[in-house]
Amino acid sequence: MSEVLKELVAKRGSLKAFVSQIKQNLCALKNLGINTDNWDPMLIVTFMRKLDGYTARAFELERDTKTSPTISEFVSFLEKRAVAIENSAVACPRTWKPVANVLSHVAVQQSTCIKCKSTVAAG
């Protein structure tokens, strides 16, 4: 399961797929009659490890630190984050192209040392 989650989160636009997978698996467990009501801390820690650093940090900053987060709060945050990422990708398309060869020029100015009167390259 760990490798599947890593693969989902690593792909572009896959945060939405990650959220969908979480929801499907939780529903499957409930349909099997497995009570997952007390699994929130374990699930959140497991899923947080699969997120990129920015998303994990954003969740920690947004959540209420006075109470333990629930899986529904976590999923809700991820859904909002996925929409925000999709919208920002549409609004800001990648318009720059990498430059293959970069040339640069450096100018060196000669100056004279006040103390010993010798010429020194300044730069």
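Everything numeric in this text was worked out from a predicted model, so none of it was measured.

Analysis parameters
Residues numbered from 1 in each chain as written. Predicted model: local features only at pLDDT ≥ 70, side-chain atom pairs only at ≥ 80, totals over all residues. Heavy atoms only, no water. Helix = DSSP H or I, 4+ residues; strand = E, 2+ residues; numbered from the N terminus. Buried < 20%, exposed > 50% of the residue type's maximum accessible area, 1.4 Å probe, protein only. Contact = heavy atoms within 4.5 Å. Areas by Shrake-Rupley, 256 points an atom, 1.4 Å probe, with all protein chains shown as cover. Phe/Tyr/Trp six-rings, centres within 6.5 Å; stacked < 30°, edge-to-face > 60°. Salt bridge = Lys/Arg side-chain N within 4 Å of Asp/Glu carboxyl O. Expected span 1.5 Å × (residues − 1). Arc of directions from axis to C-beta.

J.: Now, about the overall build of the chain: what can you tell me, with residues and values included?
T.: A tally of helices and strands in the chain yields 5 helices and 2 strands. Written out in order from the N terminus, the α and β elements of the chain read α-α-α-α-α-β-β. When each of the 123 residues of the chain is scored for burial, the buried share is 23%. If you take every contact in the chain between residues at least 6 apart in sequence, the share linking residues at least 24 apart comes to 52%. A total accessible area of about 9,700 Å² is found for the chain, and carbon and sulfur atoms account for 57% of it.

J.: With reference to specific residues and values, describe the packing of aromatic side chains.
T.: Inspection of every chain in the model, using the stated rule, returns 4 aromatic pairs. Summarising the aromatic geometry, the rings of Phe-18 and Phe-47 are spaced 5.8 Å apart at their centres and angled 90 degrees between planes, so their arrangement reads as edge-to-face. Placement of the pair is Phe-18 in helix α2 (residues 15-31) and Phe-47 in helix α3 (residues 40-48), with a sequence separation of 29 residues. A relative accessible area of 0% places Phe-18 in the buried class. When its relative accessible area of 4% is taken as the criterion, Phe-47 is described as buried. An aromatic cluster of three or more residues is present, and its members are Phe-18, Phe-47, Phe-59, Phe-74 and Phe-77.

J.: Would you mind going over the pattern of salt bridges in detail, with residue names and values included?
T.: Inspection of every chain in the model, using the stated rule, returns 2 salt bridges. Its salt-bridge partner being Glu-79, residue Lys-23 comes within 2.3 Å of it at the nearest N-O pair. Note that Lys-23 is positioned in helix α2 and Glu-79 in helix α5 (residues 71-91), a separation of 56 residues in sequence. Exposure remark for Lys-23: the relative accessible area of 39% places this residue in the partly exposed category. Across the pair Arg-63 and Glu-60 runs a salt bridge whose closest N-O atoms are separated by 3.1 Å. Exposure remark for Arg-63: the relative accessible area of 24% places this residue in the partly exposed category. Note on Glu-60: relative accessible area 38%, which makes it partly exposed.

J.: Could you give me a rundown of α2, with the residues and numbers involved?
T.: Spanning 17 residues, α2 covers 24 Å between terminal C-alpha atoms, matching the ideal 24 Å at 1.5 Å per step. Along α2, the residues classified as buried are Leu-15, Phe-18, Val-19, Ile-22 and Leu-26. Buried residues of α2, viewed axially, fall in a sector of 100 degrees; they line one side. Of the residues flanking the end of α2, it is Gly-33, one or two places downstream, whose phi is positive at about 85 degrees.

J.: For the environment of Arg-63, give the residues involved together with the corresponding values.
T.: Tracing the chain through its elements places Arg-63 in the loop between α4 (53-62) and α5. As for Arg-63 and Phe-77, which are separated by 14 residues in sequence, their C-alpha atoms are 8.9 Å apart.

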